[in-house]
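# Remarks on the overall topology
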Amino acid sequence: WIIQKCTEIGAASFRFLVSERSLIQKVDDIQQKKERWQQIAMEAAEQSGRVHVPEILSGLHIQQALSLPTEADTLKCIAWELDHQHTIDQLLQQVTHPQKVILIIGPEGGLSDAEVQQALENRFHAVTLGNRIFRLETAAMVGCVLMLNAFHTL
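Presented here is an overview of the structure given in this document. Since the structure is predicted, the reported quantities are computational estimates derived from the model, not experimental observations.

A few words now on helix H6 (residues 136-150). Three or four residues apart is the spacing at which side chains of an α-helix point the same way, because the helix has 3.6 residues per turn. Helix length check: H6 (15 residues) gives 21 Å between terminal C-alpha atoms against 21 Å at 1.5 Å per residue, within 8%. Listed as buried for H6 are Ala139, Ala140, Met141, Gly143, Cys144, Met147, Leu148 and Ala150. Of the residues flanking the end of H6, it is histidine 152, one or two places downstream, whose phi is positive at about 55°.

Moving on to the side chain of glutamate 115. Along the chain, glutamate 115 turns up in helix H5 (residues 113-121). In this structure, glutamate 115 is buried with no salt-bridge partner, the nearest side chain bearing the opposite charge being arginine 21 at 6.3 Å. Not counting the four nearest positions on each side in its chain, glutamate 115 is found in contact with Ser19, Glu20, Ile62 and Leu66.

So, about the packing of aromatic side chains. As enumerated under the stated definition, the model contains 1 aromatic pair in all. Between phenylalanine 16 and tryptophan 37, the ring centres sit 4.5 Å apart and the planes meet at 45°, which makes this aromatic pair tilted. In this pair, phenylalanine 16 is assigned in the loop between strand E1 (13-14) and strand E2 (17-18) and tryptophan 37 in helix H2 (residues 27-47), connecting sequence segments 21 residues apart. Using a relative accessible area of 12% as the deciding quantity, one classes tryptophan 37 as buried.

This part covers unusual backbone geometry. One non-glycine residue with positive phi stands out, namely arginine 123, at about 70°. In this structure, arginine 123 sits in the loop between H5 and strand E7 (125-127).

This next bit is on the pattern of salt bridges. Scanning the model with the defined rule gives 3 salt bridges in all. Between glutamate 8 and lysine 5 there is a salt bridge; the shortest N-O distance is 3.8 Å. A residue pair is termed a helical-turn pair when its members lie 3 or 4 positions apart in one helix, as glutamate 8 and lysine 5 do in helix H1 (residues 2-9) at 3 residues. Classification of glutamate 8 as partly exposed rests on a relative accessible area of 30%.

Before going further, it helps to examine the sheet that holds E7. Read from one edge to the other, the open sheet built from 3 strands follows the order E6-E5-E7, with strand pairing classed as parallel. The open sheet is flanked by strand E6 (100-104) and E7, the only strands paired with a single partner. Here the average twist between neighbouring strands, direction ignored, is 30°.

Two numbers describe how H1 lies on H2: the axes approach to 8 Å, and their chain directions differ by 35°. At the point where H1 passes H2, the crossing takes the right-handed sense. Residue-level contacts link Ile3, Gln4, Thr7 and Glu8 of H1 to Trp37, Ile40, Ala41, Ala44, Ala45 and Gln47 of H2. For the contact of H1 with H2, a count of residues per class yields 6 nonpolar, 3 polar and 1 charged.

Here we take up the environment of arginine 21. Relative to the elements of secondary structure, arginine 21 occurs in the loop between E2 and H2. For the pair arginine 21 and proline 69, spaced 48 residues apart in sequence, the C-alpha to C-alpha distance is 24 Å. In this view, arginine 21 contacts Pro107, Glu108, Gly109, Gly110, Leu111 and Ser112; residues no more than four positions away in its chain are not counted. A distance of 3.2 Å separates a polar side-chain atom of arginine 21 from the backbone oxygen of leucine 111.

What counts and how
- Residues numbered from 1 in each chain as written.
- Predicted model: local features only at pLDDT ≥ 70, side-chain atom pairs only at ≥ 80, totals over all residues.
- Heavy atoms only, no water.
- Helix = DSSP H or I, 4+ residues; strand = E, 2+ residues; numbered from the N terminus.
- Expected span 1.5 Å × (residues − 1).
- Buried < 20%, exposed > 50% of the residue type's maximum accessible area, 1.4 Å probe, protein only.
- Lys, Arg positive; Asp, Glu negative; His and termini not counted.
- Salt bridge = Lys/Arg side-chain N within 4 Å of Asp/Glu carboxyl O.
- Contact = heavy atoms within 4.5 Å.
- Phe/Tyr/Trp six-rings, centres within 6.5 Å; stacked < 30°, edge-to-face > 60°.
- Pairing = 2+ DSSP bridges.
- Axes fitted to C-alpha atoms, helices over the stretch in contact; angles between N-to-C directions.
- Left-handed = near helix turned anticlockwise from the far one by under 90°.
- Nonpolar A, V, L, I, M, F, W, Y, C, P; charged D, E, K, R; others polar.
- Polar contact = N/O pair within 3.5 Å; in protein donor to acceptor, adjacent residues only side chain to side chain.

Shown next as structure tokens:
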């Protein structure tokens, strides 16, 4: 559902992560679903008139994903339900316009404090998605819309 709706909204790619509280606890379980998820992305891109089909990237443990090297023009963000101060609009006033944005959305139950701390140590910016705590599916869509709107690509 996340892949379908976020593809329709405009997401460029997806990477599913194994975290402390995620329902899936093995990267291999993510890999087994990758082909099906790529098909969902293709169908959603076609339905919404997109030329670019988002790529379903290989699953990783969150610790691996947080330490992946990124280009200098990549903005790395983590949606954190305990951060009520740092909005995406405020963040964009502090950074140059990036070519790419990575947004991590935690699983139901949220990311652990240690995972958030590791993200911050790896130059991720904590951002709020608003005053409410969303379910995973809703948070993914809200985060996608907020980011695309902030970069005027909707």
